[in-house]
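# Per-entry structural report
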Amino acid sequence: MTVITHIEDLRRLAEKRVPRMFYDYADSGSWTESTYRNNESDFHKIKFRQRVAVNMENRSTASTMIGQPVAMPVALAPTGLTGMQHADGEILAARAARKFGVPFTLSTMSICSIEDVAQHAGEGFWFQLYVMKDKGFIERLIDRAKAANCSALVLTLDLQILGQRHKDLKNGLSAPPKLTLKNLINIATKPRWALGMLGTPRRQFGNIVGHVTGVADMSSLSSWTASQFDPALNWGDVEWIKQRWGGKLILKGIQDVEDAKLAVQSGADALIVSNHGGRQLDGAQSSIEALPAIVQAVGSQIEVHMDGGVRSGQDVLRARALGARGVYIGRPFLYGLGAMGEAGVTKCLEIIHKELDISMAFCGHTKIDTVDESILLPGTYPTA
């Protein structure tokens, strides 16, 4: 493949180059995957109003997210096991995001540690936190994020228990992969990936191994993570974390208006309308369908972001028109990373930016901050 023109090209290339269990981990949802599919397909229903004879000069996609300048209203979403899509994956993605001028969000379940990534990330380095039963570990994670100069904490609220993802169970997902005959045969067909992994020491969960008592290798880590996600998570925990953190706080996983109102009451700086990429509650609303009601209910009181199903700059434009201040991309940058490493992440951002810029112009706007639902064809988009 010599010419890469859209995100689907990167996906196809990643599928060829990344071992099956890690590609499937990124490119799958829970149960029947209906919400995973609808996240993407519901964007396609939304039609634009094309305008003509409008001056298209001096266009700008620059904006802000939680007061921080961004080259376009897009952030790289927190994704677990990113360093298994490509060796040192989180570092490479953070570098690409910094150079492009968009935030990078590191997952608690990353392969590269906070400290590893901090050496390569810029001011738009955000850290995503899962709440676990070991509160001492959570406190240390927050303190490490502070020390790494993370400028925002993204608190994920929709992973108190783990949704079942059939492919992960069938593939025996682990990091590093177990050396079974099936895995060895598959890895042998991915020489690019294998050579990269041989050249890095980062093959386990860098934020956990060595930072938790009794967790020194993958065997103990597996049992620890299985028992550590906290099903008792509540809004009191959010308040405790907010006070411990003391900086910009973003709440991820809001799908319901009542929860959005509670997010406002918590004092958070932003919320993310998200169903975890269709990886938790199968049968939930798509994120873009849930977005307008939440914007109408709380958009004047808190900054509203969204993720789920974004595959193009046109999707970013649609979300912005429906009131999202910013959009997060997960799978698109993972496809780029798996396909071409740092250059692939950069390519992903370039593709999305070009699509956003040109589509905005065709809709009669030259500044992303002036875009609203007037660019959409009535009757084709969800309303509150």
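Scoring rules and cut-offs
Residues numbered from 1 in each chain as written. Predicted model: local features only at pLDDT ≥ 70, side-chain atom pairs only at ≥ 80, totals over all residues. Heavy atoms only, no water. Salt bridge = Lys/Arg side-chain N within 4 Å of Asp/Glu carboxyl O. Helix = DSSP H or I, 4+ residues; strand = E, 2+ residues; numbered from the N terminus. Buried < 20%, exposed > 50% of the residue type's maximum accessible area, 1.4 Å probe, protein only. Contact = heavy atoms within 4.5 Å. Pairing = 2+ DSSP bridges. Right-handed = clockwise from strand over helix to strand, strands pointing away. Core = buried A, V, L, I, M, F, W, Y, C linked by side-chain atoms within 4.5 Å. pLDDT = per-residue confidence, 0-100. Axes fitted to C-alpha atoms, helices over the stretch in contact; angles between N-to-C directions. Parallel < 35°, antiparallel > 145°, perpendicular 65-115°, else oblique. Left-handed = near helix turned anticlockwise from the far one by under 90°. Expected span 1.5 Å × (residues − 1). Arc of directions from axis to C-beta. Polar contact = N/O pair within 3.5 Å; in protein donor to acceptor, adjacent residues only side chain to side chain.

Take the pattern of salt bridges next. According to the stated counting rule, one finds 22 salt bridges in the structure shown. Across the pair R144 and E115 runs a salt bridge whose closest N-O atoms are separated by 2.8 Å. Of this pair, R144 sits in helix α6 (residues 135–147) while E115 sits in helix α5 (residues 114–118), and the two are 29 residues apart along the sequence. Of the charged contacts in the structure, one is a salt bridge between D116 and R202, with a shortest N-O distance of 3.0 Å. Of the two residues, D116 is situated in helix α5 and R202 in the loop between α9 (191–198) and α10 (218–228); the sequence distance between them amounts to 86 residues. Residue D116 is classed as buried on the basis of its relative accessible area, which comes to 18%. Residue classification places R202 among the partly exposed residues on the basis of a relative accessible area of 24%.

Counting through the fold element by element, L317 comes out in helix α14 (residues 313–321). Distance from L317 to S359, taken between C-alpha atoms, is 7.7 Å for residues 42 residues apart in sequence. Excluding residues within four positions of it along the chain, L317 makes contact with F48, L356, S359, M360, C363, I368, V371 and I375.

The next point concerns unusual backbone geometry. Negative phi is the rule for most residues except glycine; trans is the rule for most peptide bonds. Cis peptide bonds are those with omega within 30 degrees of zero, and the linkage from A175 to P176 qualifies with -5°. With respect to the secondary-structure elements, P176 resides in the loop between α7 (166–171) and α8 (181–188). The backbone of A53 shows a phi angle near 55°, a positive value even though the residue is not glycine. Tracing the sequence through the fold places A53 in the loop between α3 (34–44) and β1 (63–65). Non-glycine residue H276 carries a positive phi angle of around 60°. Mapped onto the secondary structure, H276 falls in the loop between β8 (270–273) and α13 (287–298). Taking the relative accessible area as the measure of exposure, H276 reaches 9% and is therefore buried.

Residues A270 and I272 point to one face of β8 and L271 and V273 to the other, with burial holding for every one of them. Summarising the sheet, strand β7 (residues 249–254) and β8 pair through 4 bridges and their orientation is parallel. Looking across to β8, one finds that L251 is bridged to L271. As a crossover connection, the stretch from β7 through helix α12 (residues 257–265) into β8 is right-handed. With 4 bridges connecting them, β8 and strand β9 (residues 303–307) associate as parallel partners. Counted as the bridge partner of V273 is M306 from β9. This β-α-β element, β8 to α13 to β9, shows right-handed connectivity.

With that settled, consider the pairing of β9. Successive residues of a regular strand alternate their side chains across the two faces of the sheet. With 4 of 5 residues buried, β9 is to be regarded as a mostly interior element. Relative to strand β10 (residues 326–329), β9 is paired through 3 bridges, and the arrangement is parallel. By the bridge assignment, M306 is partnered in β10 with V327. On the question of chirality, the crossover connecting β9 to the parallel β10 by way of α14 is right-handed.

Time to look at the nonpolar core. In terms of nonpolar packing, the biggest core is built from 111 residues, with F104, L271 and M306 touching the most fellow members. The leading source of residues in this core is helix α16 (residues 342–362), at 7 residues. Once you skip the residues sitting within four places of it in the chain, F104 turns out to touch L76, E90, A93, A94, A97, V117, G124, F125, W126 and F333. Core analysis: the second largest hydrophobic core is formed by 12 residues, V70, A77, I250 and Y328 among them.

Now for the confidence of the model for the chain. Overall, the prediction assigns the chain a mean pLDDT of 96, with 98% of residues at 70 or greater. Here α10 is the element of the chain with the lowest mean pLDDT, 73, and β8 is the one with the highest, 99.

Okay, the packing of α14 against α16 next. Interaxial distance between α14 and α16 falls to 7 Å at its minimum, and their mutual angle equals 55°. Here α14 lies oblique to α16, going by the angle between them. Note on packing geometry: the crossing formed by α14 with α16 is right-handed. Taking contact as the criterion, the partners of G313, Q314, V316 and L317 in α14 are, on α16, I352, E355, L356, S359 and M360.

One turn of the α-helix equals 3.6 residues, which is why residues spaced by three or four share an orientation. End to end, α6 covers 18 Å across 13 residues, agreeing with the expected 18 Å (1.5 Å per residue, within 8%). Among the residues of α6, those classed as buried are F137, I138, L141, I142, R144 and A145. Projection of α6 onto a plane perpendicular to its axis shows the buried side chains occupying an angular sector of 160°, all on one side. Between a side-chain oxygen at the N-terminus of α6 and the backbone nitrogen of G136 the separation is 3.2 Å; the capping residue is D134. Positive backbone phi, at 65°, marks N149, one or two positions downstream of α6.

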